[in-house]
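# Commentary on secondary and tertiary structure
In case you want the letters, here they are:
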Amino acid sequence: VTELGEVDLSALSEGRLTAGAADLAKAVSRLGAVRGRMLVAIEKNESWRASGARTFVLWSEKTSGQSPSAAVKEIKRAEALDSGLRRMSEALKNGEVFAGHVDVVRRFLSAPELEDAFTDAVEEEFVAWARECARGSSSGASRRALIGTARRSESRPRKPRRRKRT
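In this report, the structure presented in the accompanying data block is examined. The structure presented is a predicted model; accordingly, all values stated were derived computationally and were not measured. (Residues numbered from 1 in each chain as written. Predicted model: local features only at pLDDT ≥ 70, side-chain atom pairs only at ≥ 80, totals over all residues. Heavy atoms only, no water.)

### Concerning the environment of Glu 96
- Mapping Glu 96 onto the fold places it in the loop between helix H5 (86–93) and helix H6 (99–109).
- In sequence terms Glu 96 and Val 127 are 31 residues apart; their C-alpha atoms lie 9.0 Å from each other.
- Here Glu 96 is in contact with Glu 90, Ala 91, Ala 130, Arg 131 and Ala 134, once residues within four sequence places are set aside. (Helix = DSSP H or I, 4+ residues; strand = E, 2+ residues; numbered from the N terminus. Contact = heavy atoms within 4.5 Å.)

### Section: helix H4 (residues 68–82)
- Relative to the 21 Å expected for 15 residues at 1.5 Å per residue, H4 spans 21 Å between its end C-alpha atoms, a close match to the ideal helical length.
- The set of residues buried in H4 consists of Ala 71, Glu 74, Ile 75, Arg 77, Ala 78, Ala 80 and Leu 81.
- Where the residues of H4 are buried, they touch helix H2 (14–45), helix H3 (56–64), H5 and H6.
- A positive backbone phi angle near 145 degrees is found at Gly 84, which sits one or two residues after H4. (Expected span 1.5 Å × (residues − 1). Buried < 20%, exposed > 50% of the residue type's maximum accessible area, 1.4 Å probe, protein only.)

### A few points about H3
- Within H3 the residues assigned to the buried category are Phe 56, Trp 59, Ser 60 and Glu 61.
- The inward-facing, buried residues of H3 contact H2 and H4.
- Remark: Gly 65 follows H3 within two positions and exhibits a positive phi of approximately 75 degrees.

### Let's talk about a nonpolar patch on the surface
- Together, Leu 4, Val 7, Leu 9, Leu 17 and Leu 24 make up an exposed nonpolar region whose accessible area comes to about 440 Å².
- Structurally, Val 7 can be placed in the loop between helix H1 (2–5) and H2.
- Classification of Val 7 by relative accessible area gives partly exposed; the value is 36%. (Patch = residues over 30% accessible without salt bridge, like charges linked within 9 Å, V, L, I, M, F, W, Y side chains within 5 Å. Areas by Shrake-Rupley, 256 points an atom, 1.4 Å probe, with all protein chains shown as cover. Salt bridge = Lys/Arg side-chain N within 4 Å of Asp/Glu carboxyl O.)

### Describing unusual backbone geometry
- Despite not being glycine, Glu 46 shows a phi value in the positive range, around 55 degrees.
- Within the secondary structure layout, Glu 46 lies in the loop between H2 and H3.

### Concerning the nonpolar core
- Among the nonpolar cores identified, the biggest contains 15 residues, and Leu 81, Leu 85, Met 88, Leu 92, Val 97, Val 105 and Phe 118 are the most heavily contacted of them.
- Those elements giving two or more residues to this core turn out to be H4, H5, H6 and helix H8 (120–134).
- What Val 105 contacts, discounting residues up to four positions off in sequence, is Leu 85, Met 88, Phe 118 and Phe 126.
- If you look at the next biggest cluster of nonpolar residues, it comprises five residues, including Leu 39, Trp 48, Phe 56 and Ile 75. (Core = buried A, V, L, I, M, F, W, Y, C linked by side-chain atoms within 4.5 Å.)

In structure tokens:
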């Protein structure tokens, strides 16, 4: 990693730069999955207590350098993956999807009326969607909806933005 940080990026071709960035994104995803598994284990055996931190979240904030909300989000993601999102967890470990995709599914499951509807088949659909998003492609319906929204916003006159007074 230190060597990568010292590479003269201006000497790399566009192809090498973009491929390298994509590879790093997958590696970050995979590392995030491993860290998530570690967080679950650390919370379960309460090994964070030896640090003197008052709570697990505070320990996570301090050791990761994250904001309180980012630490909580990472912990909730890890717990969701550990509690039954087997396919999503596997896809994250393989670098096929990213943390944000897991967060979308986690938010979906936070609605009690939807939790019972979350079957293996539905999870597989979510994983397929996340893989498609991660590859940078989208379904025709999603693309048409996006284009339709863009066209509607272009046809509306824009209101002038107010400047904030300093």
